[in-house]
Each structure stands twice: as structure tokens, then as C-alpha cells.
Amino acid sequence: MTYTAGRHFLQIPGPSNVPDRVLRAMDLPTIDHRGPEFAELGLEVVDGMKKVFRTSADVVIYPASGTGAWEAALVNTLSPGDRVLMFETGQFATLWRGIASELGLEVEFVEGDWRRGVDPAEVEARLAADSGHSIKAVGVVHNETSTGSTSRIGEIRAAIDRAAHPALLLVDTISSLGSIDYRHDEWGVDVTVAGSQKGLMLPPGLSFNAISAKALAASKSATLPAAYWRWQPMLDANKSGYFPYTPATNLLYALREALRMLEEEGLDNVFARHRRHAEATRRAVRAWGLEILCQNPDEYSDVLTAILLPEGHDADRVRQIILERFDMSLGTGLGKVQGRVFRIGHLGDFNDLMLAGTLSGVEMGLGLAGVPFTPGGVSAALEYLADTP
Ligand SMILES: *Cc1c(COP(=O)(O)O)cnc(C)c1O
């Protein structure tokens, strides 16, 4: 291995760049998680997460990747054989469906073309057709990280209400929380699932459930087998700032710092920053004459942009050239779109010149890979950034 000078550009849509402030905050002694000092940390991070979820309800923090919190949302609220309505927005929705099936749930999986979010009218129609209320939960991925489409959760809530259906609403915000506007209480979400390594600017290793009163009530009668993931022991211990088992103490230090940073910048400013970088990125893609995978402008993701290459051009080869020449990692195409798309992450701790560097690397890489494109995407993005404070 030889030394590579300068910062690696980690522009995959998660893990995102971990700010130095967060890295330094982790560099503290691991303390007694049953001692008095720990309780203060525990109380601060749970309370801070409630602000980010925009909820006054319960939040639990697991020492697990997002996948663990996916499973937790299901095993706490549902029983074997329960019907769950899910939507094929992309690879992550497909993986969550797979977990639900493995757990013994009956999933009605609405097929999709991976180029848009969940259609609220489809939710309404499916629920209206279920007059016997055999569907117990609706599972939606808010920001589909494999495609760059963001589903409109507020409108989906309204669709469930129009159908007057009692199903629980379970939402995956693993790549959106802390980067895209999200309102657990206002949108009447029952369980929101989140992770640490994307919008929250932390290393991988923590995940979250925000839990409505209705979801908590459902957990009293849910019979899917669960032990480690059970909410109640966690909620009981959290009341005094503790955890029922050993927490990821140093990641909680990181979380405390990231929450302070989000608070200092202001969540609405954080969301506006992401919106602006996403728009600049799309202007670059259009100027290049390439195609944005997401086809519905109302559902463009502020977290990442997936770019569809012309037939016959391998997106992974473009990524490999960019990694080797410019030390930048871009997101690979997942599942059905492998080799057809690459993804630019513009989430987390990110600013204008980081985006300028990212897009420059992409533009140079497209040329080196022999992809037919029109130069000038970087200029289009810079012009927008300069003109739009
Ligand atoms: C990353 C991601 C996951 C999986 O999270 P892990 O931390 O890898 O377990 C699930 N859903 C979405 C939308 C994601 O972006």
C-alpha cells in the first residue's frame, strides 16, 4: 500500500462523511454504563433524537445497523401470519420485504419500476379494498437509497386516513433522517426506523425506532418471537438514562455531538442545504445529457442522485476509474440496476466545495470511461450554487 495524499471523497449515500467534531467526540474513555455519569448521556441522546424525529413519543436506540431496527419495528408490533402492505420502490424496500417474509408475515408487495416513490393513490386503493381490515401494517421506505426517490409520507398518511383503515404505518428513514424534512408525530407514523451512518453523520452501528402510542399498544399483543429487540425493557431502563444491556457508549458520545451540531445549524437549515445540493447535482446531470433515475420531480431525493447510463456503458467501470484516479467512492447500482446506475451521495456533513469536487471527479471519470456526455455539468452546478445563497 502506498500513501494517498489528501482526503478520500466518500460520496456513497451512506456511510456519509463523519465530521471531525464527531470523531473527536468518540475519543473518550468508555465509562461504566451503570454508573451515574452514563445516565446523563443516555437521557440527552434519547431526548435529542426525539427532536430529530419531531416526536414527543418514545424513541429507542439499538446498538445495531439499520437492518436490526427494521426487524425491531416488525417483531414488536405484529404476529405470525399478519398481512403487511409494502411497495417495491427499490432494493431497500425489497430487503425489508424479505425480512418481513422470513419472520412469517404475509407480505402484499406492490411491484414498482424503481423510478419513483410510493403512490398515495395506490395505498388508498389497496386499503379501501381491504374492507375486512386484514392488513395490519403498511411499510414504506421514505428515501429509497438505491434509486434516489423520496416517498411523500404526509400524503400517504392522508391516503390511509381517507380509506379509514386502522393499519399501522411503518416508515424506514434510515437514509433520510437528519437530511430530509421528516415529522413522526404530524404525519401520524407509528414506527419510524432510522440509522446512524447516513443523515446523522455517525459511523455505522446505531439504529433507532420512534414509537407512537398506537404502536406501543400493538406491542402488548404482538406475538412474533422477540427478545433482544423488545421495546418495553429498553423503555423501562431508558427512563433513568440506562439501557437493559451494554450500550454502544462511544457511539452515543458521537450521537450526542452530532445532535448538538444539528441543533446549532438548525434542522430547517440542514434540510435546505441538502435540497440545494441535490438541485445543483441534477443540473450537472442534465447538462451532461445523462438521465436521472427518478422520473417524478416531486420525489427527487435530497440525499443522493442516481444516474442512469446509456445502454452498453458499465456504471461500475466508471466508479472504478473514479476511485483509482481521483480517490472518490461513489455508490454502486444495487439489485436490478446493478451496472446500469451509479449514485452520488450528497448527504450529511457536506458543503458547496465538497460538491464541486465530487462533480468534478464524476465529470472527469465519465470522459475517461468513454461515456458519451456533454461537458459542462460542473459549470452548471457551480453557476446555480453561486446564484443561490
Ligand atoms: C442503508 C439502508 C438500510 C440498511 O441499513 P444497514 O445499516 O445497512 O443495516 C435500510 N434502508 C435504507 C433506506 C437504507 O438506506
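Starting afresh in each chain, residues are numbered from 1 along the sequence in its written order. This being a predicted model, a pLDDT of at least 70 is required before a residue's local features are given, and a value of 80 or more before pairs of side-chain atoms are given or counted; all residues contribute to the totals for chains, interfaces and linings. No hydrogens and no water enter the side-chain calculation; it runs on all heavy atoms of the structure.

1. Considerations on the pattern of salt bridges
A side-chain nitrogen of Lys or Arg and a carboxyl oxygen of Asp or Glu constitute a salt bridge if their distance falls within 4 Å. Under the criterion given, the structure shown has 26 salt bridges. Of the charged contacts in the structure, one is a salt bridge between Lys51 and Asp47, with a shortest N-O distance of 3.6 Å. You can see Lys51 and its partner Asp47 sitting in helix α2 (residues 36–53), four residues apart, about one turn around the helix. Categorising residues by exposure relies on relative accessible area from a 1.4 Å probe, with only protein chains included: less than 20% of the type maximum marks a residue as buried, more than 50% marks it as exposed, and the intermediate range marks it as partly exposed. For Lys51, a relative accessible area of 46% puts it in the partly exposed group. In this structure, the salt-bridge partner of Glu122 is Arg126, at a minimum N-O distance of 2.8 Å. Taken as a pair, Glu122 and Arg126 lie in helix α5 (residues 120–129) at a separation of four residues, close to a single helical turn. Among the charged side chains, a network of salt bridges with common partners joins Arg54, Asp181, Arg183, Glu186 and Asp268. In this description a helix means any DSSP run of H or I spanning at least four residues, a strand means any run of E spanning at least two, and both kinds are numbered starting from the N terminus.

2. Side note on the environment of Val285
Among the structural elements, Val285 can be located in helix α10 (residues 267–288). Judged by relative accessible area, which is 0%, Val285 ranks as buried. A contact between two residues is defined here by any heavy atoms of the two lying within 4.5 Å. Leaving out residues up to four positions away in the same chain, Val285 has contacts with Leu290, Glu291, Ile292, Thr305 and Ile307.

3. Some words on empty space enclosed by the protein
To find leftover empty space, one rolls a probe the size of a water molecule over the atoms. Put simply, the grid is 1 Å and covers the protein atoms alone, a cavity is a trapped set of points that fit a 1.4 Å probe, a pocket is an open set with protein on both sides within 12 Å along at least five of seven lines, and lining residues have an atom within 4 Å of a point. Grid points are joined across faces, edges and corners, and a volume is the space filled by probe spheres set on the points. Using the criterion set out here, one finds one cavity of 30 Å³ or more in the structure. Along its surface, the largest cavity is lined by Thr147, Gly148, Arg282, Ile292, Leu293, Cys294, Tyr300, Ser301, Leu304, Thr305 and Ala306. Along the lines of polarity and charge, the residues of the lining of the largest cavity split into six nonpolar, four polar and one charged. Amino acids outside the nonpolar list (Ala, Val, Leu, Ile, Met, Phe, Trp, Tyr, Cys, Pro) and the charged list (Asp, Glu, Lys, Arg) are all regarded as polar, and Gly is one of them.

4. Points about the site of the ligand
Consider each residue's heavy atoms; a residue with any of them within 4 Å of a molecule or strand counts as near. If you check the shell around the ligand, you find 13 residues, and the closest are Ser65, Thr67, Thr145, Asp172 and Lys198. Counted as a polar contact is a pair of N or O atoms within 3.5 Å, where, for protein atoms, one must be capable of donating a hydrogen and the other of accepting one, and residues adjacent in sequence contribute only when both atoms are in side chains. The contact in question runs from an oxygen atom of the ligand to an N or O atom on the side chain of Thr67, over 2.6 Å. One of the side-chain nitrogen or oxygen atoms of Thr145 is found 2.4 Å away from an oxygen atom of the ligand. In short, Shrake-Rupley with a 1.4 Å probe defines the accessible areas, and a residue's cover is counted only from the protein chains shown. Contact with the protein chains removes 88% of the 380 Å² of surface that the ligand exposes when unbound. Looking at the shell around the ligand element by element, the count peaks at three residues for helix α3 (residues 66–77).

5. With respect to the packing of α3 against helix α4 (residues 91–102)
To define axes, lines are fitted to C-alpha atoms, for helices over the stretch in contact only, and angles between the resulting N-to-C directions are given on a 0 to 180 degree scale. Look at α3 against α4: their axes get within 10 Å of each other, and the N-to-C directions meet at 50°. Between α3 and α4, the interaxial angle falls into the category oblique. Crossing geometry of α3 relative to α4 is assigned as right-handed. Two secondary-structure elements touch here, α3 through Thr67, Trp70, Glu71 and Leu74 and α4 through Phe92, Leu95, Trp96, Ile99 and Ala100. For the contact of α3 with α4, the class distribution of residues is seven nonpolar, one polar and one charged. Angles are sorted into four bins: roughly parallel if under 35 degrees, roughly antiparallel if over 145, roughly perpendicular if 65 to 115, and oblique for all others. For any helix crossing, the convention is left-handed if the near helix is rotated counterclockwise from the far helix by under a right angle, and right-handed if that rotation is clockwise.

6. Here we look at the domain arrangement of the protein
Annotation of the protein at the domain level lists domain 1 (9–16 + 266–387) and domain 2 (20–263). A C-alpha centroid distance of 27 Å is found between domain 1 and domain 2. With 33 residues of domain 1 in contact, the opposing surface of domain 2 contributes 36 residues. Of the roughly 2,700 Å² buried where domain 1 meets domain 2, counting both sides, 54% is carbon and sulfur surface. The quantity reported as buried area is the accessible area (1.4 Å probe) lost by two parts once they are put together, taken as the sum for both. By the criterion of area lost to domain 2, the three top residues of domain 1 are Leu267, Phe271 and Glu299, representing 23% of everything that side buries. Viewed at the interface, domain 2 and domain 1 are joined by four salt bridges. The shortest N-O distance in the salt bridge between Arg115 and Glu291 comes to 2.7 Å. Run the count over domain 1 and domain 2 and you get 18 residue pairs in polar contact (both at pLDDT 80 or more). Residue assignment for the side of domain 1 that touches domain 2 shows that the elements contributing at least two residues are α10, β11 (291–292) and β12 (304–308). Taken together, the residues that form the side of domain 1 that touches domain 2 break down as 16 nonpolar, nine polar and eight charged. The source of the domain bounds is an automatic or database domain assignment.

7. Some details on α4
Take the number of residues in a helix, subtract one, and multiply by 1.5 Å to get its expected span. The end-to-end C-alpha separation of α4 is 17 Å, in line with the 16 Å expected for twelve residues at 1.5 Å each. For α4, the full list of buried residues reads Gln91, Ala93, Trp96, Ile99 and Ala100. A positive phi of about 95° marks Gly104, the residue just after α4.

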